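The lines below spell out each chain.
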Amino acid sequence: MTVSVLDLGDDENRFSPDWLQRVHSFLDGVEGALLTTGGGKFYSNGLDLEWLTAHSDQAGRYVADVQELFARVLTLPVPTIAAINGHAFGAGAMLAMAHDFRVMRADRGYFCFPEADINIPFTPGMAALLQGKLTPSAAVSSMTTGRRFGGPEAAEIGLVDEVAAEGEVVKVARTRVAGLAGKDRGTLGAIKATMFAPAVAALRAA
């Protein structure tokens, strides 16, 4: 079955407005299943704080656009998996969490929600997304501490589903999701919309 692979980029893959638009355009054509990954040491470092600082008058619209991406991935009517090749921080880690499954590199890279250390509280939508995917214990451990989880630690508490060697991350992710491709899009989309209705409503309320 078809697995559509979205390469997020080979730099920090921050969520600039242009980057967000390119990702949405790619999602328009996804068939079979979706696999996202990065091309360098980062999966994604999240919000483009430099752009946001320079365009503070557009902060509300920007956050809404970011949350719409999360909601869209969360309810995409195909199986989705994040092949986490390196660091996933903040909104980058949230994007990974919006996927159905996550495979992370075992030896290097951190999965981290640094909000408690950088004084940026989670929005209600972001908190709902994470709490919809994590056990209460894992949510507290990851959302309130700013802790940087390596692959094995992230797998242990359920931030990711499994770990793989550096050169195997994409291969393992592709194998895991390819066998799920081909399900009826209408049915799968409806199931996800129902499963994650509270998070989607909170994300789209921004």
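Note that residues are indexed from 1 along each chain, following the sequence as it is written. This being a predicted model, a pLDDT of at least 70 is required before a residue's local features are given, and a value of 80 or more before pairs of side-chain atoms are given or counted; all residues contribute to the totals for chains, interfaces and linings. To get the side-chain values, take all heavy atoms of the structure and skip hydrogens and water.

1. A closer look at the overall build of the protein
Secondary structure elements follow DSSP: runs of H or I no shorter than four residues count as helices, runs of E no shorter than two count as strands, and numbering proceeds from the N terminus. The helix and strand inventory of the protein stands at 11 helices and nine strands. When we talk radius of gyration, it's over C-alpha atoms, and the globule rule is simply 2.2 Å times the number of residues to the 0.38. Its C-alpha atoms give the protein a radius of gyration of 16 Å, within 12% of the compact-globule value 17 Å for 206 residues. C-alpha atoms of the protein, sized along the principal axes, occupy 45 × 35 × 35 Å. Summary of the burial criterion: residues with accessible area below 20% of their type's maximum are buried, those above 50% are exposed, and those between are partly exposed, where the area comes from a 1.4 Å probe applied to protein chains only. The proportion of buried residues among the 206 residues of the protein is 50%. We call two residues in contact when some of their heavy atoms are within 4.5 Å. In the protein, the proportion of contacts linking residues at least 24 apart, taken out of those at least 6 apart, comes to 76%.

2. Quick notes on the sheet that holds strand β7 (residues 111-112)
Between any two strands, pairing holds if DSSP finds at least two bridges. Taken together, the four strands give an open sheet; going across it, the order is β3-β5-β7-β8, and neighbouring strands pair in mixed fashion. Since the sheet does not close on itself, it has two edges, and those belong to β3 (42-44) and β8 (148-149), each with one partner. Every axis corresponds to a line fitted to the C-alpha atoms, with the helix fit spanning only the stretch in contact, and the corresponding angles, defined between N-to-C directions, vary from 0 to 180 degrees. Here helix α4 (residues 91-98) sits on the sheet in contact with β3, β5 (87-89) and β7, set at roughly 100 degrees to β5.

3. Topic: the side chain of T75
With respect to the element layout, T75 can be found in the loop between α3 (59-74) and β4 (80-84). Residue classification places T75 among the buried residues on the basis of a relative accessible area of 17%. Identification of polar contacts relies on pairs of N or O atoms within 3.5 Å, with a donor-acceptor requirement for protein atoms, meaning one able to donate a hydrogen and the other able to accept it, and with residues adjacent in sequence counted only if both atoms are side-chain atoms. A distance of 2.8 Å separates the side chain of T75 from the backbone oxygen of A71, its partner in a polar contact. For T75, the residues in contact, after removing those within four places along its chain, are G189, K192, A193 and V200.

4. Some points on the pattern of salt bridges
A side-chain nitrogen of Lys or Arg and a carboxyl oxygen of Asp or Glu constitute a salt bridge if their distance falls within 4 Å. Tallied over the full model, the rule gives nine salt bridges. Between R204 and E68 there is a salt bridge; the shortest N-O distance is 2.9 Å. With R204 in helix α11 (residues 197-204) and E68 in helix α3, this residue pair connects regions lying 136 residues apart in the sequence. The exposure class of R204 is partly exposed, given its relative accessible area of 44%.

5. Overview of helix α9 (residues 169-178)
Of all the residues in α9, the buried ones are V169, A173 and V177. Down the axis of α9, the buried set is contained in an arc of 45 degrees. They therefore lie on one face. Of the exposed residues in α9, the ones pointing more than 90 degrees away from its buried face are K171 and T175. Where α9 is buried, its residues touch β2 (34-37), β4, β6 (101-105) and β9 (162-164). The reported arc concerns the directions from the helix axis to the C-beta atoms and nothing else.

None of this, on its own, says anything about what the molecule does.
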